[in-house]
Amino acid sequence: MPDRRTRVSRLIDEARQDLAYSPRPRIRTPRPAVPIVATVAVVMLTAAVVIVLRLPDDSSTTALRRPVARQTLQGALQEVPQNTATPTPAQTPPPPVAPLTTIRKPHLFVVTNKPLSSAVVARVTRLSGVRAVERADAAEVVLDGKRVQTLGVNPSTFRAFTPKPTARSDRLWRNVSAGELVVSFVLGNDGGMTLGKTVSTSRTSLRVGAYATMGMGAIDAVVSQQTARSLGFPQDNALVVSAPGADSAELRNRLLRVLPKGSQVATINPVFTAPRRTVWPVGAFPTAPQIRTVLTAAISKLGRPYVWGAEGPDTFDCSGLVQWAYRQAGIQVPRVTHQQFVSGPRIELSQAQPGDLLFWRNDPTNPGYVSHVAIYWGDGKMLHAPRTGDVVKLVPIYTRNFAGAVRISPQIAAQVR
């Protein structure tokens, strides 16, 4: 996937792209066209979350780098002056959380390197198609050595922009208001940030109070704005926009015209289209030598530790292993599972060939989210990096929570950001 610091213009293509896109590198193969049985989805605008601030890290664990495509679109990173004093816990009770009255689907995410003024927010609200907006604080925080993209939110109002099970949980939002940390299931279960654990930051410690999806791609943690600001987050530098029925690409362009210079706008929910073909042309898929290279690279990492967010060459998470192995064959594959899931046509598991990717939906807080990936080895086996405490291994395929199989197409994969 692109480097984390790649500018937003390289990560979100404003123009819709089709299968005629010329891949890099260009692939030529003598293999016959491949019949595809399953429905195919091609990304036109990918989900993205934009974080512009990296909080300082006092920890000696600095090797871990947050993977780009948990979709970070980095602008100019700003350093917050280090506060060596531990924040004093609030002596007053946490503010009450208002009951949920409506649920709004988020569509676009705005981030800037300075607070968004009330006048700017008002201009955004008046744009045609915009139904609601929500301010937030956004930053990347080092939690127990892991770089975690985090939002500071108002629990009473932000909850309306999250998926229904999350939005309806009064207890969850009361815990956020009380100063607890809510993390994604993937970070908690696979990344080892277990429920009830106290995790350290450069300034204080936070208790993991719940696992919950926020429905916003790469956001892996949420705290209250009060907590965020005690950690040094910038204030009101992010905006969630709900615009049902609006064309995301067109609205993004209009947003950029009313936002401060340097603002970034990313699509939260991917938009897909299905091509009408069921037979793909020669050159649509990797060559046999490329697949051998992918498999050789992946199998060479047997026994290497799983580390959440790691991209190799010595430690990996599940999607990091896939991206690294394909890169050895000169094929650009995006960084995270739900992007890799749309990096080629869907195929039946019975049609899987060595090098195809297998996916699972293991997140009970978001059953539709693709959260795990493996490389098909052949003979009913797969290569994968399972979770924290485990290692890269070759194991029999299992089908519980199985989401589907995908044959990587370099043309499509190169377009996914």
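Residues numbered from 1 in each chain as written. Predicted model: local features only at pLDDT ≥ 70, side-chain atom pairs only at ≥ 80, totals over all residues. Heavy atoms only, no water.

Asks: Pulling in residues and values, what's your account of the nonpolar core?
Replies: When a protein is soluble and globular, its nonpolar side chains tend to lie buried together. Membership of the largest hydrophobic core comes to 48 residues, with the highest contact counts inside it found for Leu181, Met193, Tyr326, Leu357, Phe359 and Ile375. Per-element tally for this core: the top contributor is helix α10 (residues 318–327), with 6 residues. Among residues more than four places away in sequence, those in contact with Met193 are Leu143, Lys146, Leu181, Val183, Leu187, Gly188, Val199, Val208 and Tyr211. Grouped together as the second largest cluster of nonpolar side chains are 23 residues, Val153, Met214, Ala238 and Ile268 included. (Core = buried A, V, L, I, M, F, W, Y, C linked by side-chain atoms within 4.5 Å. Buried < 20%, exposed > 50% of the residue type's maximum accessible area, 1.4 Å probe, protein only. Helix = DSSP H or I, 4+ residues; strand = E, 2+ residues; numbered from the N terminus. Contact = heavy atoms within 4.5 Å.)

Asks: Got a sec to walk through the environment of Asn362? Specific residues and values, please.
Replies: In this fold, Asn362 is placed in the loop between β13 (357–360) and β14 (372–378). Note on Asn362: relative accessible area 25%, which makes it partly exposed. With near-sequence residues (within four places) excluded, Asn362 lies in contact with Phe185, Ser371, His372, Tyr398, Arg400 and Asn401. One polar contact links Asn362 to Asn401, side chain to side chain, over a distance of 3.2 Å. (Polar contact = N/O pair within 3.5 Å; in protein donor to acceptor, adjacent residues only side chain to side chain.)

Asks: Lay out the packing of aromatic side chains in plain terms, naming residues and giving numbers.
Replies: Throughout the structure, instances matching the rule amount to 6 aromatic pairs. With 5.6 Å between their ring centres and 65° between their planes, Phe316 and Trp324 make a pair best called edge-to-face. One aromatic cluster is present, built from ring pairs that chain together Trp360, Tyr398 and Phe402. (Phe/Tyr/Trp six-rings, centres within 6.5 Å; stacked < 30°, edge-to-face > 60°.)

Asks: Any details on the environment of Gly145? Residues and values, ideally.
Replies: As for its placement among the helices and strands, Gly145 is situated in the loop between β3 (132–143) and β4 (146–153). Here the alpha-carbon distance between Gly145 and Ser200, two residues 55 residues apart in the chain, equals 8.5 Å.

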